[in-house]
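Take a look at the letters that make up each chain.
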Amino acid sequence: MRGFGNVTECSMRTVASGMPSEFNPTPAEGCDARAEEDLHVFPSCTLRQVLTKMGDCAASYQAKFPYTDRAACASEVDMVFKCYGQVAHECSSGRCPTIFDEMPGAREKLNTMRDWSFGVDGLDSALSNMIATNIVNDTTGYKEMMLEAACSAPGEIPAFLTMLPEMMNSSAMAAMFDESTLALFAAIPCSEEYYNKIGEAYMNVGTGFYSAMTHEGVCEAFNEYKSTVSRAFIAECDLMGFSSEMFADVLPMEAQPFAETVIRAMTIWGEFFVSYNLPGCNKISANYTTSCVTGDRIFMNGTVMQDNTVNSLCPNLSDMCMKYDYTVRSGDDTVRVIGGACRDPAQLYNCEHISNYTQRRGFGSIRSCSVSACGGSYCNDLEATPATGCSLIKANHDVQLFPGCSAQETMATFYACYEQFYMDFPYETQDQCRNQQRGMMQCLSRSYTKCLSGRCPTVLDQIPGMRSSYPMVLDLMYNVSSIEEVVERMWAQHLVDEATGNMIIEYVNMMACPEKMDLPTMIEECLKNLNMTMISQWLVSMDINIVELQAAMPCSMKYYTSIAAAYQSMIGEFFTAKDRSDMCSAYDTYFGLVTASFNENCDPSKFEAFLKVLMPESLHELVPYVMQACEYIGKSFYENPTLPMCSGGE
């Protein structure tokens, strides 16, 4: 019946459970080498591998949707199921342990999976094998229903989609699960509104998917779905509450390892969701700005040494996408750089500019070069390299703030640089201070290189111009030890004029190493000369309603004046301190005053409304991300209530 062949000899004996058997399983081999950070859901496949393989199976079908030719679509569906059969056989084969082995009957189900996968070469054989392996008793109507869902004509909404709202309402969903399962869902730190939003997003993506007349329309629907789900997660879930401890009250002690598994599965799924891009679609786009591939792919003697190419939102809708490809000879090495950038049409550059810059930086002489620019999102043939192993949600209640650093890693990394500098501040001489300033700049240089390198998506990527600026910042900060070096590179890239550059150098050096008696006066003058009229004019120029902004302010004016006075007082005490203990005491007083003023004069519940007045409507979707970042900054401030090398209460 199945085409396995003819049975020539057969014997079978039933042995009671727990009784000795002559049949001994063959020991598993090569299992220790598997990645421990993954979940081994099958003997030969981890969860990450299953998600990737299943996505790859559907890639060709998805890249061509929607279909005007139903027969061509049905052929693609056959190829999807043939691939699914191959994945099922590959993953279910082998003897390595899985996370489900303790579940009664789970391991035996792998035999059924392997049996089903035998000979699957399309949808028909996949359905017939379901009956042959007793997965279902009848598949009548299955093929028609599946092809209606997979191969609807462009703009045609399948019937099943109209039934989803009824199936997805809260009472219908609740009826599908028992009380213990519902208790697990309730323990997840997300509001009911989160589930409403993702349910609505799922309905919208389905409607958009089938309503699309072109593949571009499919991409727009999917990108909007990803964006909506990501925003809902940040806005409606307590990221600080995601840990195995959230199930402590609903799971018995012996089931706690299950909680760890669930958290790891959520993390792996999050990584896949963040990095997944519907085939044939660009990952990130917005109707209010241009999107381009930005960053560099650097080859050393033909070998890729660095690849930071990503899809990015440009600062402005008028920006053009640039592509450059040049080769530099440096000593015995040949370095090739392929990359892209967002660029204002008035600031486009050519190979002559690149040649001048590489020579000014001492990189070597240009051997070959090509530069092009085009208008419109993703208008050239430069492709970003997909990110791997990424997750917006990190361990220990953290988020991916920059490509190479989480929020907590960013704070710790940069804090260490400033801690090193201010540990013995103020210094006895200018020479001592300048030496320490060089050390701080070197530390900051390493920090920028670490945090801004890589291709992982971040919670800031939806801010226009944010991700596309990282290559420039990396170039400015790479391997520097002074602000003079940074400004020299800014001049080389024509980012600032000579006067502005000199002003930057003067102010940075003055703030880092002021004369002891000058700093209190400098701070006082700065506060005294704060031009509120100029600030108001700037806010108006940004189309921000001053009256609405004042009404939405989360803190009263007393808060800002009190912390300014506290800061001025602290600086004055710093420079009259007789020893380190006096400085510690001055900061302790400052910390106490700032904390008390916040508690007395601020209402955190107004912060969201304030941001929505301050930020343009096109960026309102980023408000939850900004709130989350501010929460981390506040958390970092309150977790470090003393100066370096001080103990609380000094």
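In this text the structure is predicted, and so the values were computed from the model without any measurement. The written sequence of each chain sets the order in which its residues are numbered from 1. Whole-chain, interface and lining totals are the exception, using all residues; otherwise, since this is a predicted model, local features are given only for residues with pLDDT of at least 70 and side-chain atom pairs are given and counted only at 80 or more. As a rule here, side-chain values come from all non-hydrogen atoms in the structure, and water together with hydrogens is ignored.

Peer 1: Help me out: how do you make sense of the packing of aromatic side chains in this one?
Peer 2: Two descriptors summarise a pair of aromatic rings, namely the distance from one centre to the other and the angle between the planes of the rings. Stacked, edge-to-face and tilted labels apply to pairs of Phe, Tyr and Trp rings (six-membered ring for Trp) whose centres lie within 6.5 Å, assigned for plane angles under 30 degrees, over 60, and everything in between, in that order. Enumeration over the complete set of coordinates arrives at 26 aromatic pairs. Ring centres of Phe-160 and Tyr-210 lie 6.2 Å apart, and the angle between their planes is 85°; on these two criteria the pair is classed as edge-to-face. Of this pair, Phe-160 sits in helix α6 (residues 159-168) while Tyr-210 sits in helix α9 (residues 192-211); the two residues are 50 residues apart in sequence, bridging distant segments of the chain. Plain terms: the ring middles of Phe-414 and Tyr-448 are 5.1 Å apart, the flat faces sit at 80° to each other, and that makes the pair edge-to-face. Placement of Phe-414 in helix α13 (residues 407-422) and of Tyr-448 in helix α14 (residues 430-452) is noted, with a sequence separation of 34 residues between them. Think of it in three bands: with a 1.4 Å probe and only protein chains considered, a residue is buried below 20% of the maximum accessible area for its type, exposed above 50%, and partly exposed in between. Given the relative accessible area of 16%, Phe-414 is considered buried. The class for Tyr-448 is partly exposed, based on a relative accessible area of 27%. Of the aromatic side chains, those joined through ring pairs into one cluster are Tyr-61, Phe-65, Tyr-67, Phe-160, Phe-209 and Tyr-210. The criterion for a charge sitting over a ring is simple: Lys NZ or Arg CZ within 6 Å of the ring centre, and within 35 degrees of the ring normal. Positioned above the aromatic ring of Phe-273 is the side chain of Lys-226, whose terminal nitrogen or guanidinium carbon lies 5.6 Å from the ring centre. Helix and strand assignments come from DSSP, with helices taken as H or I runs of at least 4 residues and strands as E runs of at least 2, each series counted from the N terminus.

Peer 1: Explanation requested: the environment of Ala-265 in the structure shown.
Peer 2: Turning to its location among the elements, Ala-265 is positioned in helix α11 (residues 256-275). Considering only alpha carbons, one finds Ala-265 and Leu-39, 226 residues apart in sequence, at a separation of 7.2 Å.

Peer 1: When you look at the pairing of strand β4 (residues 320-330) in this model, what are you seeing that I'm missing?
Peer 2: As a general feature of sheets, a regular strand has side chains that alternate between the two faces. For β4, the tally of buried residues reaches eight of eleven residues, placing the bulk of the element in the interior. Being paired, for any two strands, means DSSP has found at least two bridges between them. As paired elements, β4 and strand β5 (residues 333-343) share eleven bridges and run antiparallel to each other. Within β5, the position partnered with Thr-327 by the bridge is Arg-336. Counting the residues between successive antiparallel strands, the hairpin from β4 to β5 contains two residues, one of them, Gly-331, with a positive phi of roughly 65°. Here β4 pairs with strand β6 (residues 365-375) via ten bridges, running antiparallel.

Peer 1: Any chance you could explain empty space enclosed by the protein here in plain terms?
Peer 2: Any empty space left between atoms is shown by rolling a water-sized probe over those atoms. With a 1 Å grid laid over protein atoms only, a set of points is called a cavity when a 1.4 Å probe fits there but cannot get out and a pocket when it is open yet has protein on both sides within 12 Å along at least five of seven lines; lining residues have an atom within 4 Å of a point. Grid points are joined across faces, edges and corners, and a volume is the space filled by probe spheres set on the points. Evaluated as defined, the whole model comprises one cavity of 30 Å³ or more. For the largest cavity, the calculated volume is near 60 Å³. The wall of the largest cavity is formed by Thr-294, Asn-308, Val-310, Pro-403, Leu-452, Gly-454, Arg-467, Tyr-470, Pro-471 and Leu-474.

Peer 1: Please explain the pairing of strand β3 (residues 310-313) as it appears in this structure.
Peer 2: Here β3 shows two buried faces, one formed by Val-310 and Ser-312 and the other by Asn-311 and Leu-313. Pairing of strand β1 (residues 291-300) with β3 involves four bridges; the strand directions are antiparallel. Within β3, the position partnered with Ser-291 by the bridge is Leu-313.

Peer 1: I would appreciate a short explanation of a nonpolar patch on the surface in the present structure.
Peer 2: The patches reported here contain residues having more than 30% relative accessible area and no salt bridge. Joining distances are 9 Å for like charges and 5 Å for nonpolar side chains (Val, Leu, Ile, Met, Phe, Trp, Tyr). In this description, accessible areas are obtained by the Shrake-Rupley approach with a 1.4 Å probe, and a residue is regarded as covered only by the protein chains that are shown. Salt bridges, as used here, are contacts in which a Lys or Arg side-chain nitrogen is within 4 Å of a carboxyl oxygen on Asp or Glu. Together, Ile-99, Phe-100 and Met-103 give the surface a local cluster of nonpolar side chains, amounting to about 260 Å² of exposed area. Assignment of secondary structure puts Ile-99 in the loop between α2 (70-92) and α3 (106-117).

Peer 1: Looking at this structure, I do not really get the layout of surface pockets. What am I missing?
Peer 2: In this structure, the second largest pocket encloses a volume near 1,800 Å³. Residue lining of the second largest pocket: 48 residues in total, with Asp-296, Tyr-357, Pro-471, Asp-475 and Gln-493 positioned closest to the centre. Secondary structure elements with two or more residues in the lining of the second largest pocket: β1, β2 (303-307), β4, β5, α12 (351-361), α15 (466-477) and α16 (483-492). Looking at the lining of the second largest pocket element by element, the count peaks at seven residues for α12.

Peer 1: Honestly, the side chain of Thr-139 in this entry has me stumped. Any pointers?
Peer 2: Tracing the sequence through the fold places Thr-139 in the loop between α4 (123-132) and α5 (142-150). Any pair of residues with heavy atoms lying within 4.5 Å of one another is described as a contacting pair. The residues contacting Thr-139, other than those within four sequence positions of it, are Leu-127 and Ile-131.

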